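# Tertiary structure, described
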Amino acid sequence: MKILVVEDDFRVAELIQRGLSEHGFSPAVAYDGLSGKKLALNNHYDLVITDIILPKLDGLDLCKELRQIKPDLPIIMLTALGSTDDKVEGFDAGADDYLTKPFEMRELLVRIRALLKRSNNGTANSSGFILKYDALEMNLQTKSVKRNENEISLTPKEFKLLEYMLQNQERVLSRTEIAEKVWDTLFDTGTNFIDVYINYLRKKIDKNYEKKLIHTRSGMGFILKAE
């Protein structure tokens, strides 16, 4: 498996490169965002690891540009920026996972393997399949969402979150489960990015309707249920 590391700190880049090589991966390194973009677009990589604060092109813009051309390329953001707003911004840019520095190599390896496994499994449920609940409908092929035939525009992460809730209708989903299944990451109790995305969905799914579909179960998590 070929992995591109975009990191301007030579010591961190060397650490990641050595760790990946020791575990059977073939890493390449770019020390600025523009070089990383050129390498990613001109070569095949199974996964990209990128910092956010980079020379020439920051990691957020790098992620957005790669997403436009290679939408299925797994991307992990590895950065010192660890607030909820930072994570939300990273996921909105198109990152599949987000890990903060300082980090342990073994955790990075677990996240890499989880993303590669998901990527290799493909999207078996996407071949024209429709998910429905009450008057809410999601088309996994066209990536469209409707409620009472009204189109609802969602970001990629909002779509994935709603898809998981539709696949688990009327079941309470904990924050830990959502983090693992939707973000392929470990839930950090010090942040509330999942709550942020639930609120995003509420505003788009429930705001203009008397019947609410997305609910919080105090101390337990969230549920998709018509109430």
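Residues numbered from 1 in each chain as written. Predicted model: local features only at pLDDT ≥ 70, side-chain atom pairs only at ≥ 80, totals over all residues. Heavy atoms only, no water.

An unreviewed UniProt entry lists the protein chain under the name Response regulator transcription factor, with Flavobacterium endoglycinae given as the organism.

With that settled, consider helix 4 (residues 84–93). For helix 4, a buried count of seven out of 10 residues is recorded, marking the element as mostly surrounded by other parts of the structure. Along helix 4, the residues that are buried comprise Thr-84, Asp-86, Lys-87, Val-88, Gly-90, Phe-91 and Ala-93. Contacts from the buried residues of helix 4 go to helix 3 (59–69), strand 4 (75–79), strand 5 (97–100), helix 6 (156–167) and helix 8 (193–205). Gly-94 sits one or two residues past helix 4 and shows a positive phi near 120°. (Buried < 20%, exposed > 50% of the residue type's maximum accessible area, 1.4 Å probe, protein only. Helix = DSSP H or I, 4+ residues; strand = E, 2+ residues; numbered from the N terminus. Contact = heavy atoms within 4.5 Å.)

On to unusual backbone geometry, then. With an omega dihedral of -5°, the bond running from Lys-101 to Pro-102 counts as a cis peptide bond. With respect to the element layout, Pro-102 can be found in the loop between strand 5 and helix 5 (105–121). Phi angles above zero are rare outside glycine, and Lys-56 is one such case at about 70°. Note that Lys-56 resides in the loop between strand 3 (47–50) and helix 3. One non-glycine residue, Asp-134, adopts positive backbone phi at about 55°. If you trace the backbone, Asp-134 turns up in the loop between strand 6 (130–133) and strand 7 (136–139). Asp-134 sits in the partly exposed class, given a relative accessible area of 44%.

Turning our attention to the packing of aromatic side chains. Between two aromatic rings, the relevant description is the distance of the centres plus the angle of the planes. In the structure shown here, the tally under the stated rule is seven aromatic pairs. Judged by centre distance (4.5 Å) and plane angle (25°), the rings of Phe-10 and Tyr-31 are stacked. Taken as a pair, Phe-10 in helix 1 (residues 10–22) and Tyr-31 in the loop between strand 2 (26–30) and helix 2 (33–42) lie far apart in primary sequence, 21 residues in all. A residue is classified by how much of its surface remains accessible, and Phe-10, at 57% relative accessible area, is exposed. Residue Tyr-31 is classed as partly exposed on the basis of its relative accessible area, which comes to 35%. Seen in terms of ring centroids, Tyr-197 and Tyr-200 are 5.4 Å apart; in terms of plane orientation they differ by 75°. Their pairing is edge-to-face. A residue pair is termed a helical-turn pair when its members lie 3 or 4 positions apart in one helix, as Tyr-197 and Tyr-200 do in helix 8 at three residues. Members of the aromatic cluster, each reached through a chain of ring pairs, are Phe-91, Tyr-98, Trp-183, Phe-193, Tyr-197 and Tyr-200. A cation sits over an aromatic face here: Lys-2 above Tyr-45, 5.4 Å from the ring centre. For the cation-ring pair, Arg-147 lies above Tyr-209, with the distance from its terminal atom to the ring centre recorded as 4.1 Å. (Phe/Tyr/Trp six-rings, centres within 6.5 Å; stacked < 30°, edge-to-face > 60°. Lys NZ or Arg CZ within 6 Å of the ring centre and 35° of its normal.)

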